[in-house]
Amino acid sequence: KGKIIAAICHAGWMLASADIIKGKHVTSYVAIKDDMIHAGALWEDSELVKDGNLITSRKPEDLPAFCRTIIQALEEQS
């Protein structure tokens, strides 16, 4: 439906379980990197990765960039 989807840290597991990351560029906490890759994601070790309406970050230290990007995406949708 084109809605914004955002996940940080271990929340990437929900994306993998929902089967929505195949072929998508994402990041997550490094401990679940292999799970993300096995779910078909194109994983990278970056503070923030935005692929269309999908926004992901690695850890709590990345929250400033994560929150800014979510706010910007919401503003663009309204």
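Just so it is clear, the model here is predicted, and its values are computed rather than measured. (Residues numbered from 1 in each chain as written. Predicted model: local features only at pLDDT ≥ 70, side-chain atom pairs only at ≥ 80, totals over all residues. Heavy atoms only, no water.)

Focus on helix 3 (residues 63-77)
Along an α-helix, residues three or four apart share an orientation, since each turn contains 3.6 residues. Quick note on the threshold: Helix and strand definitions here come from DSSP, where helices need a minimum of 4 consecutive H or I residues and strands a minimum of 2 consecutive E residues; each element is numbered from the N-terminal end. One fewer than the residue count of a helix, multiplied by 1.5 Å, yields its expected span. Remark: exposure states derive from per-residue accessible area (1.4 Å probe, protein chains only) relative to the maximum for the residue type, with buried under 20%, exposed over 50%, and partly exposed in between. Throughout, the arc means the angular range of directions from the helix axis out to the C-beta atoms.
With 15 residues, helix 3 should reach 21 Å at 1.5 Å per residue; the first-to-last C-alpha distance of 21 Å fits that figure. Taken together, the buried positions of helix 3 are A65, F66, T69 and A73. Axial view of helix 3: buried residues confined to an arc of 100°, hence all on one face. The exposed residues of helix 3 that point more than 90 degrees off its buried face are R68 and E75.

As for the sheet that holds strand 4 (residues 48-51)
What counts here: In this analysis, strands are considered paired if DSSP registers two or more bridges between them. Each axis is a line fitted through C-alpha atoms, and for a helix only the stretch in contact is used; angles between axes span 0 to 180 degrees, taken between their N-to-C directions. Whether two residues touch is decided by their heavy atoms; if any such pair falls within 4.5 Å, the residues are in contact.
Pairing within the open sheet is mixed, and its three strands lie in the order 1-5-4. The sheet is open, and its two borders are formed by strand 1 (5-8) and strand 4, each paired with just one other strand. Averaged over all adjacent pairs, the angle separating strand axes in this sheet is 10°, with direction ignored. Across four bridges, strand 4 lies against strand 5 (residues 54-57) in antiparallel orientation. Of the residues in strand 5, the one forming a bridge with D51 is L54. Sitting on the sheet, helix 3 is in contact with strand 1, strand 4 and strand 5, with an inclination near 170° to strand 5.

Some points on the side chain of R58
Here is the rule: The term polar contact refers here to a pair of N or O atoms within 3.5 Å; inside protein, the definition further demands a hydrogen-donor-capable atom paired with an acceptor-capable atom, and it admits residues adjacent in sequence only when both atoms are side-chain atoms.
Looking at the secondary structure, you find R58 in the loop between strand 5 and helix 3. Relative accessible area serves as the criterion here: at 18%, R58 is assigned to the buried category. Of the polar contacts made by the side chain of R58, one reaches the side chain of D45; its length is 3.1 Å. Not counting residues within four places of it along the chain, the set of residues in contact with R58 comprises I8, C9, T27, S28, Y29, D45, S46 and E47.

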